[in-house]
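# A structural walkthrough
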Amino acid sequence: MSKQTLSFQAEVAQLLHLVTHSLYSNQEIFLRELISNASDACDKLRFEALNNNALYEDAPNLEVRVSFDKDAKTLTIQDNGIGMSQQEAIDHLGTIAKSGTKDFMGKLTGDQKADAQLIGQFGVGFYSGFIVADKITVESRRAGLKADEGVRWVSGGAGDFEVETITRAARGTSVILHLRDDAAEYLNAWKLKQVIGKYSDHISLPILMEKEEWKESEKEGEPGGMVKTGEWETVNKASALWTRPKKDITEEQYQEFYKAISHDHENPLTWAHNRVEGNTEYTQLLYIPAKAPFDLWNRDKKAGVKLYVKRVFIMDDAEALMPSYLRFVKGVIDSADLPLNVSRELLQESRDVRAIREGSTKRVLSMLEDLAKHDKHDAPAEGADGVTDVVSEEDKAKEGKYSAFYAEFGAVLKEGLGEDFANRERLAKLLRFASTTSDAVSVGFADYKARMKEGQEAIYYITADTLAAAKNSPQLEVFKKKGIEVLLMTDRVDEWALNYLHDFDGTPLQSVAKGAVDLGKLQDEAEKKAAEEAAEAFKPVLAKLKEALKDKAEDVRVTTRLVDSPACLVVQDDGMSTQLARMLKQAGQKAPETKPVLEVNAEHPLVKKLDGSVHFHDLAHILFDQALLAEGGLPDDPAAYVKRVNALLA
Ligand code: ADP
């Protein structure tokens, strides 16, 4: 292949522009990203070589070398990993393979600060080289290809790049950064070692740098300088972080490891590092991020847990290791029992893997329970024994973390109700909602139960599109009047998820918009009697209403649920809420064509007017359409509705 110039995919060009303009504040991360790529390339080689030992050629020791040339102003990161073929260089370095990239790019605002935040969630990888370089040369040869099938890729980071065939004896990849003048500090062994120590100490491969020594100048009166000795030394610990004992790992090292494997620029919320022994032996290092990644809702998003077998990297997106509702968890699982050549198919079937998945799921749930327990501390209370509890620094550090977690990932966690039956009760305890007594999403079922009224037999909730719609919904009126708390659920997944949860700790969950209202013991005898009498007196009108609305309403009945509103819509006990049905329709899916039930407040002046009114038909339809409007729906025929209202107004 002779030299050709190719254009970057539009998104790459956009990303590069952003990288060079907004990531200045944290320049040094480029080294972490490039060393991490080098390490991944070595992991891939090791994995492929399990079935093809010849790939090691004559260099079985995998390593990364970092070197620099002061005169040429270049910094080189070289690995002897899997390398790239010509086509791979074009594909991998000219396009972004991540799914959801288009959506992500659409979110960029042009505001450098905001975008820099976003880009941290996206992870820039190779392109971060352009933070410090105005030109990057990549030379590579894929393991197993002939020496004359190497590739050179060169770009100045603008719109295009050049590729050509080269001869390259060494397998693997060299990334040569032509440093900008303002990045000259990286032409210094001390600086490089410091950055490697900070970001890449945990990499299990040796990172080598050439030893230097001080040499006096040969010319009289001139200062001496450091010169290279031709000898290479390992500058990192080169032992995988998770294999070290906990006590030897600092908080900062745990955090840096997280950043390296997740490409997140923020510290994680919490983590757990354990050796699990027993029938299945493995090490788990699992992190809960502080911020949701840009592609959390992407259906084909890869899971974030890496699988190792006896320290050999096996695969990156081992879905079998974590249930989908915990897809935000990042980390490493290293098994001592699985075979090295484990395939994806085998992973799905292995009993060991099932045990690891169950163990890891439980571990994540305990981390969350721990955060939830420490989420807020009231003032230290004096116990019965006269001793005041002292809140430890460690517990204090956990304050507010669960709320932060829940704001980012709560909706995903709810999917677990439908997905993980075995842990449903633990999950239910972790859920939080807004309620009629709290705008903040902070009420758990247990808090709710503790506040239940004497005689209250159910946990009441309502689902709606927004908090405002939920709060103002007419179905809540009688609950407000009686001071009964109702949970307000506004996540899209709520209704679906609650299908799988019928009770909490023995108390049934009851939607206030489903079925006939039954306040049971909360209603006194006098109230019940009055309601029955009103219903009896209203019967003839009710029959007429049913007839007038027979195309729209499944049934019309009198309710005690309303106080200020004339009417509202409810669904039958086993029915799908009008809100969910509407959502499905918007998403282009089929929703069952069930008609709602219209409930009327026989005490309301408007409803009282119905009896004997010459406008009966119009009033009936207005009642129905208004009930629909009140819950965020639209009348089937809005124009007809407007006409009717206007006719009455006039
Ligand atoms: P990511 O690492 O998140 O996939 P990058 O932009 O860092 O994204 O890299 C893109 C791709 O380029 C990698 O997935 C890999 O296929 C290839 N690549 C990058 N660096 C190397 C390397 N040192 N050796 C082999 N392949 C590499």
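Since the model is a prediction, treat every value here as computed from it, not as a measurement.

## Thoughts on the nonpolar core
Generally speaking, nonpolar side chains in soluble globular proteins are found buried as a group. Counting residues in each nonpolar core, the largest one holds 72 residues, and the members touching the most others are Phe 405, Leu 413 and Phe 445. Among the elements that line this core, the one with the most residues is helix H9 (residues 351-373), at eight residues. Here this core spans two domains, and each of domain 2 (242-373) and domain 3 (428-521) adds at least three residues to it. Other than its neighbours up to four places away in sequence, Phe 405 contacts Leu 269, Ile 288, Phe 328, Leu 368, Gly 410 and Leu 413. By size, the runner-up hydrophobic cluster in this structure holds 65 residues, among which are Leu 15, Ala 49, Phe 161 and Ala 189.

## Remarks on the site of the ligand
Every residue lining the ligand is accounted for by Asn 37, Ala 38, Ala 41, Lys 44, Asp 79, Met 84, His 92, Leu 93, Lys 98, Gly 125, Phe 126 and Thr 173. One of the side-chain N or O atoms of Asn 37 is found 2.8 Å from an oxygen atom in the ligand. Within the side chain of Thr 173, one N or O atom sits 3.2 Å away from a nitrogen atom of the ligand. Counting only elements with at least two residues in the shell around the ligand, the list comes to helix H2 (29-49) and helix H3 (86-94). No other element matches H2, which puts four residues into the shell around the ligand. Its residues assigned to classes, the shell around the ligand shows five nonpolar, four polar and three charged.

## So, the pairing of strand E23 (residues 597-600)
One face of the sheet, then the other: side chains in a regular strand alternate in exactly this way. Side-chain alternation along E23 places Val 597 and Glu 599 on one buried face and Leu 598 and Val 600 on a second face that is also buried. With four bridges joining them, strand E21 (residues 555-558) and E23 adopt parallel strand pairing. Bridging from a neighbouring strand, Val 556 pairs with Leu 598 of E23.

## A word on the sheet that holds strand E20 (residues 507-511)
In space, the six strands of this open sheet follow the order E16-E15-E18-E17-E20-E19, with mixed pairing throughout. The open sheet has two edge strands, strand E16 (438-443) and strand E19 (503-504), and neither has a second partner. Bridge count for strand E15 (residues 433-435) against E16 is two bridges, and the pairing is antiparallel. When the bridges of E16 are listed, Phe 433 appears paired with Val 443.

## Considering the sheet that holds E21
Strand order in the open sheet formed by three strands is E21-E23-E22, with mixed pairing between adjacent strands. Since the sheet does not close on itself, it has two edges, and those belong to E21 and strand E22 (567-570), each with one partner. Averaged over all neighbouring strand pairs, the angle between strand axes comes to 25 degrees, with direction disregarded. Direction of pairing for E22 relative to E23: antiparallel, over a ladder of four bridges. Opposite Val 570, over in E23, you have Val 597 as the bridge partner. Of the strands in this sheet, E21 and E23 are in contact with helix H17 (residues 525-548), which crosses E21 at around 160 degrees.

## As for the domain arrangement of the protein
Once the domains are mapped, the protein shows domain 1 (4-215 + 226-239), domain 2 (242-373), domain 3 (428-521) and domain 4 (522-649). Each partner contributes residues to the interface: domain 3 has 25 residues there, and domain 4 has 30 residues. Here domain 3 meets domain 4 over a buried area of about 2300 Å², counting both sides, of which 49% is carbon and sulfur. Where domain 3 meets domain 4, there are zero salt bridges. A breakdown of the residues in the side of domain 3 that touches domain 4 according to their chemical character gives nine nonpolar, six polar and 10 charged.

## Remarks on the packing of H9 against helix H11 (residues 401-419)
Direction vectors running N to C along H9 and H11 enclose 135 degrees, while the axes themselves pass 9 Å from each other. Classified by the angle between their axes, H9 and H11 sit oblique to one another. Handedness of the H9/H11 crossing: left-handed. Contacts between H9 and H11 involve Leu 368, Leu 371 and Ala 372 on the former and, on the latter, Lys 401, Tyr 402, Phe 405 and Leu 413. Here the residues of the contact of H9 with H11 sort into six nonpolar, no polar and one charged.

Reading guide: rules and limits
- Residues numbered from 1 in each chain as written.
- Predicted model: local features only at pLDDT ≥ 70, side-chain atom pairs only at ≥ 80, totals over all residues.
- Heavy atoms only, no water.
- Core = buried A, V, L, I, M, F, W, Y, C linked by side-chain atoms within 4.5 Å.
- Buried < 20%, exposed > 50% of the residue type's maximum accessible area, 1.4 Å probe, protein only.
- Helix = DSSP H or I, 4+ residues; strand = E, 2+ residues; numbered from the N terminus.
- Domains from an automatic or database assignment.
- Contact = heavy atoms within 4.5 Å.
- Near = heavy atom within 4 Å.
- Polar contact = N/O pair within 3.5 Å; in protein donor to acceptor, adjacent residues only side chain to side chain.
- Nonpolar A, V, L, I, M, F, W, Y, C, P; charged D, E, K, R; others polar.
- Pairing = 2+ DSSP bridges.
- Axes fitted to C-alpha atoms, helices over the stretch in contact; angles between N-to-C directions.
- Buried area = accessible area lost by both parts, 1.4 Å probe.
- Salt bridge = Lys/Arg side-chain N within 4 Å of Asp/Glu carboxyl O.
- Parallel < 35°, antiparallel > 145°, perpendicular 65-115°, else oblique.
- Left-handed = near helix turned anticlockwise from the far one by under 90°.

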